[in-house]
Amino acid sequence: MTEIEVIELLKQHIDEYDAPVDARELIRFSAGDEEKLKECIERRISGEPLQYIIGEWDFYNCNFRVGEGVLIPRPETELLVDTALDFLAENFSQDGDDATSMIYKVVYGTRVRGEYVLPNEGYGVARVLDLCSGSGCIAISIAKNFANSKVFAIEKSSQAFEYLKQNVALNRVKNVVPFNDDIVTGCQNLIGASKGQFDLIVSNPPYVKSAECDELQREVLKEPRMALDGGEDGLDFYRVIANRWLPLLKSGGMLIMECGEDQAVAIEEILSATSCGQTFILDDFAGISRVVGIKMY
Ligand SMILES: C[S@@+](CC[C@H](N)C(=O)[O-])C[C@H]1O[C@@H](n2cnc3c(N)ncnc32)[C@H](O)[C@@H]1O
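Residues numbered from 1 in each chain as written. Predicted model: local features only at pLDDT ≥ 70, side-chain atom pairs only at ≥ 80, totals over all residues.

Enquirer: How should the overall build of the chain be read in this particular structure?
Expert: Helix and strand content of the chain: eleven helices and eleven strands. At 21 Å, the chain has a C-alpha radius of gyration in line with the 19 Å of a compact globule built from 297 residues. Here the chain holds 297 residues, and the buried ones make up 38% of them. Looking at the chain alone, contacts between residues at least 24 apart form 63% of all its contacts between residues at least 6 apart. (Helix = DSSP H or I, 4+ residues; strand = E, 2+ residues; numbered from the N terminus. Rg over C-alpha atoms; globule rule 2.2 N^0.38 Å. Buried ≥ 20, exposed ≤ 12 C-beta atoms within 10 Å, placed from the backbone. Contact = placed C-beta atoms within 7 Å.)

Printed below as a string of structure tokens:
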């Protein structure tokens, strides 16, 4: 089949804007095997996401294995990673004394006895927590782009956790520590031993209202409900993170979380009620309030 034929066929069943990209990816993935291409097209027509069929997806500058049981990394989540990397660059030295590290020091540092020093340079390795890690796309992107960090990645679903471990190996990051645990009811040892120990907490938790979970787009319905369902008002995980996990941050540390459209103000109120720091909201490339955070006093 030609690319045009595949596009025309797909257009009859999926979003017409997705058809050209999906056609190209399925043709590339089938590598000239017509039978395999037909099988892939059938799966795509039946509503299976393209990413599950080809088994991988790019996010930030990394590649991730994905499939049934794990959320597909979304482009809007890159804002969370950008924000995390900016915070780390402003507060920690990168490894080594390369040119980039020197520029950060000159821009963000202060001059002490002729040397530029970053505010938290004495802290050494940045300690980062990624709650609800899924494929590990956030944890791994941070770890890979900021070598002077140790990222603890927590995920409850055993299916997603297998992808997380695979992706750590695939991306050859030695500074990610995966935990298969529940951030709502578990992690007692980690929480007990880590009060005020972390520099940065990041999370893209489930945030869809329970009642809306069955009405999502056909492709999204193939993704795990555990990755989507954020409780009655969609905000359950934000409350848990504010109450249970915020105390793990150091003074000057930061929590940043992704949220759904129209949720940012309510989440900022949850964070403000802790009276722990200065809250903020950031917009994504589409102008939607997408990241909510708090910088600890
Ligand atoms: C919205 S997905 C985000 C996944 C990934 N961080 C990303 O950005 O693509 C939320 C993740 O939280 C996980 N999860 C749900 N409930 C959890 C819990 N109680 N403890 C830990 N992880 C949980 C889900 O399995 C899913 O992988």
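Enquirer: Just checking my understanding: could you explain the site of the ligand for this structure?
Expert: Neighbouring the ligand are 22 residues; Cys132, Gly134, Lys156, Asn204 and Ala227 lie closest to it. Looking at the shell around the ligand, the elements that each hand over two or more residues are helix H7 (137-145) and strand S6 (149-155). The residue makeup of the shell around the ligand, split by class, is 13 nonpolar, six polar and three charged. (Near = placed C-beta within 6 Å. Nonpolar A, V, L, I, M, F, W, Y, C, P; charged D, E, K, R; others polar.)

Enquirer: How do you make sense of the nonpolar core when you look at a structure like this?
Expert: Soluble, globular proteins show a tendency: their nonpolar side chains are buried together. Formed by 68 residues in total, the largest nonpolar core has its most connected members in Ala84, Ile142, Leu200, Ile201 and Met257. What Met257 contacts, discounting residues up to four positions off in sequence, is Ser203, Pro205, Tyr238, Ile241, Ile267, Val291, Val292 and Gly293. In terms of nonpolar packing, the next biggest core, distinct from the first, is built from six residues, Ala23, Leu26, Cys40 and Ile41 among them. (Core = buried A, V, L, I, M, F, W, Y, C linked by C-beta atoms within 7 Å.)

Enquirer: Please clarify how the sheet that holds strand S11 (residues 289-296) should be interpreted in this entry.
Expert: Within a beta sheet, neighbouring strands are joined by backbone hydrogen bonds and run either parallel or antiparallel to one another. With mixed pairing, seven strands are arranged side by side in an open sheet as S7-S6-S5-S8-S9-S11-S10. For this open sheet the edge positions go to strand S7 (176-180) and strand S10 (277-283), each flanked by a neighbour on one side alone. Neighbour-to-neighbour, the strand axes of this sheet turn through a mean angle of 15°, independent of strand direction. Here strand S5 (residues 126-131) runs beside strand S8 (residues 198-203); their pairing, made up of four bridges, is parallel. The partner of Asp130 across the bridge, within S8, is Val202. The strands touched by H7 are S5, S6, S7 and S8; relative to S6, the strand with the most contacts, the crossing angle is about 175°. In the packing of helix H8 (residues 158-170) onto the sheet, the strands contacted are S6 and S7, and the crossing angle to S7 comes to about 165°. (Pairing = 2+ DSSP bridges. Axes fitted to C-alpha atoms, helices over the stretch in contact; angles between N-to-C directions.)

Enquirer: Where do I start with the pairing of S10 in this structure?
Expert: Both faces of the sheet carry side chains from a regular strand, because those side chains alternate between them. Alignment of S10 against S11, held across seven bridges, turns out to be antiparallel. When the sheet's bridge partners are listed, Asp283 is paired in S11 with Ser289. Here S10 folds back onto S11 in antiparallel fashion, the turn holding five residues, of which Gly287 has a positive phi close to 80°.

Enquirer: How should unusual backbone geometry be read in this particular structure?
Expert: Backbone geometry follows two general trends: most residues other than glycine have a negative phi, and most peptide bonds adopt the trans configuration. A positive phi is found at Cys187, a non-glycine position, where the angle reads about 60°. Structurally, Cys187 can be placed in the loop between S7 and helix H9 (188-193). Exposure remark for Cys187: the 21 C-beta atoms within 10 Å place this residue in the buried category. Residue Ser275 is not a glycine yet carries a positive backbone phi of 55°. Considering the arrangement of structural elements, one finds Ser275 in the loop between helix H11 (264-272) and S10. C-beta crowding within 10 Å serves as the criterion here: with 7 such atoms nearby, Ser275 is assigned to the exposed category.

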